[in-house]
Amino acid sequence: MTSIHLENLEKSFGAFQALKTMDLKIADGEFMALLGPSGCGKSTTMNMIAGMERPTGGRILFDGRDMIDVPMGRRGVGFVFQNYAIFTHMTVRDNLAFGLKMRRLPAADINRRVKQMAEFLQLTELLDKPSAKLSVNILQRLAIGRSAIVEPAIFLLDEPLSNVDAAFRAVMRTELKHLQRQFRQTMVYVTHDQLEAMTMADRIAVMDHGVLQQVGTPLEVYNHPANLFVANFIGAPGMNLIRGSVTEESDEIRVDLGQLGLSPALPQGLAAALRRRKRGDVWFGFRPEQVSIDRTGSGISLPVLFVERIGARTTLHFGAERTLAKAVIDNGEGIEAGKMAPVALASEGVRLFDAETGMAIGEA
Ligand SMILES: Nc1ncnc2c1ncn2[C@@H]1O[C@H](COP(=O)(O)OP(=O)(O)OP(=O)(O)O)[C@@H](O)[C@H]1O
């Protein structure tokens, strides 16, 4: 196990800054996801950790040791890419054994570890099959096994599930997490899929345009997004964000949400933070699951535009004209598009963002 410190790391390609000063500490045995949209600098960061790219600024430390002049093969890093790197002329067994043979392990040890990894990844039945005959799903599973079997201190995975089908991706998410628990490697996992990051990672580093936006546990980034970008990017469906003006009347500060009406009374801390800042518009954010249908008659009656029933849960789109929001509710009985629904919003989950800077208001 090894800790990683990306210390003010930078990477430019000519005049283009792909990574602008990133400072990130990844603990021993931690599962860190680098999450962000295409082109935000995830792979560039990963390639520098692996030793395939040289930083143009900052340092990469493994257990405090500067890696700048340590070549890729000496870093103790295993790497799995989006496009599985499997020797298709070899059997599954030979692919799994490859790294161990290169390290000249005794044959009995190799056999034992191949058997163990094959069992773990459910490849036992396929051990003597030529890899060329395997499906894309199984090839990627094998690629993961082939890298994991040498038990690298650091395991880097760059979008390893983006070519496999949706059902298999769900299985692999569980297996990868299980694999990391078993071997306790330090894992860095690049993805643009927030669901993958949320389900597997201990912490998530959210990136955009070469800038680290926030680092936190999945629940921290979900519940306390540092800025509008993170609020928008995390969650499916995403956080409702409605621009509103701040109003204060008889000591009560609220946000006027136009056609959605006045926002609920804000929790004390948030109201105090809102009072402290200079006036101006804010973005009012709330998660779709914080909306409920108030059948007691005290909810605000708002028009429902679309209803999507997905199994036990219902997503409804409500509001009027440009002030639209989504709700995810458990009991969607009687809710229909084109009708009104009594909507209530829990104030505890409300998040506010400065309309000018996009930064969260009232978050430490
Ligand atoms: N060798 C290179 N030369 C010039 N520009 C590059 C090079 N490698 C990457 N870039 C640019 O740096 C930016 C970040 O690329 P990177 O591959 O790290 O993004 P990413 O977040 O991994 O996205 P994706 O998921 O699409 O790979 C992109 O704009 C990309 O075009």
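Residues numbered from 1 in each chain as written. Predicted model: local features only at pLDDT ≥ 70, side-chain atom pairs only at ≥ 80, totals over all residues.

The chain has the name ABC transporter ATP-binding protein in an unreviewed UniProt entry, where Rhizobium alvei is given as its organism. The Subcellular location (unreviewed entry) field of the UniProt record for the chain holds the comment "Cell inner membrane". Quoted straight from UniProt, the Sequence similarities (unreviewed entry) entry for the chain says "Belongs to the ABC transporter superfamily." (UniProt positions renumbered as here; feature names shortened; annotations may be inferred.)

Enquirer: Honestly, the pairing of strand β15 (residues 300-310) in this entry has me stumped. Any pointers?
Expert: Within a regular beta strand, the side chains point alternately toward one face of the sheet and then the other, so they alternate between its two faces. Where β15 lies against strand β18 (residues 340-345), four bridges are found, and the strand directions are antiparallel. Note on β18: the bridge partner recorded for Ser301 is Pro342. Inspection of the sheet shows β15 paired to strand β16 (residues 313-320) by six bridges, in the antiparallel sense. Looking at the pairing, Phe306 lines up with His317 of β16. Between the antiparallel neighbours β15 and β16 lie two residues, among them Gly311 with a positive phi of about 60°. (Pairing = 2+ DSSP bridges. Helix = DSSP H or I, 4+ residues; strand = E, 2+ residues; numbered from the N terminus.)

Enquirer: What exactly am I supposed to notice about the site of the ligand here?
Expert: With respect to spatial proximity, the complete set of residues near the ligand consists of Phe13, Phe16, Ala18, Gly36, Ser38, Gly39, Cys40, Gly41, Lys42, Ser43, Thr44 and His192. Taken together, the elements giving at least two residues each to the shell around the ligand come down to β2 (16-26) and α1 (42-50). Among the elements that line the shell around the ligand, the one with the most residues is α1, at three residues. Of the residues assigned to the shell around the ligand, the class counts are four nonpolar, seven polar and one charged. (Near = placed C-beta within 6 Å. Nonpolar A, V, L, I, M, F, W, Y, C, P; charged D, E, K, R; others polar.)

Enquirer: I tried to follow the sheet that holds strand β14 (residues 291-293) on my own but got confused; where do I start?
Expert: Pairing between sheet strands relies on hydrogen bonds along the backbone, with the strands arranged either parallel or antiparallel. Pairing is antiparallel across the open sheet formed by five strands, whose spatial order is β14-β18-β15-β16-β17. Edge positions in the sheet fall to β14 and β17 (323-329), since each of these pairs with one other strand and no more. Strand-to-strand, the axes of this sheet are offset by a mean angle of 45°, without reference to chain direction. (Axes fitted to C-alpha atoms, helices over the stretch in contact; angles between N-to-C directions.)

Enquirer: Sorry, what's going on with helix α4 (residues 136-148) here?
Expert: Turn by turn, an α-helix covers 3.6 residues, leaving residues three or four places apart pointing in a common direction. Under the 1.5 Å per step criterion, the end-to-end length of α4 is 18 Å for 13 residues, consistent within 8% with the ideal 18 Å. Every buried residue of α4 is accounted for by Ile138, Leu139, Gln140, Arg141, Leu142, Ala143, Ile144, Gly145, Arg146, Ser147 and Ala148. Taken together, the buried residues of α4 touch β6 (77-80), α2 (92-102), α3 (107-120), β7 (154-158) and α5 (166-183). (Expected span 1.5 Å × (residues − 1). Buried ≥ 20, exposed ≤ 12 C-beta atoms within 10 Å, placed from the backbone. Contact = placed C-beta atoms within 7 Å.)

Enquirer: How should I be thinking about the nonpolar core in this particular structure?
Expert: Nonpolar side chains tend to gather and get buried jointly when the protein is soluble and globular. Counting 91 residues, the largest nonpolar core has Ala33, Leu156, Val188, Tyr189 and Ala205 as the members making the most contacts within it. Of all the elements, α4 adds the most residues to this core, at six residues. When residues of this core are sorted by domain, at least three fall in each of domain 1 (4-225) and domain 2 (240-361). When neighbours within four sequence positions are excluded, Ala205 is seen to be in contact with Leu24, Met32, Ala33, Leu34, Leu35, Leu212 and Val215. (Core = buried A, V, L, I, M, F, W, Y, C linked by C-beta atoms within 7 Å. Domains from an automatic or database assignment.)

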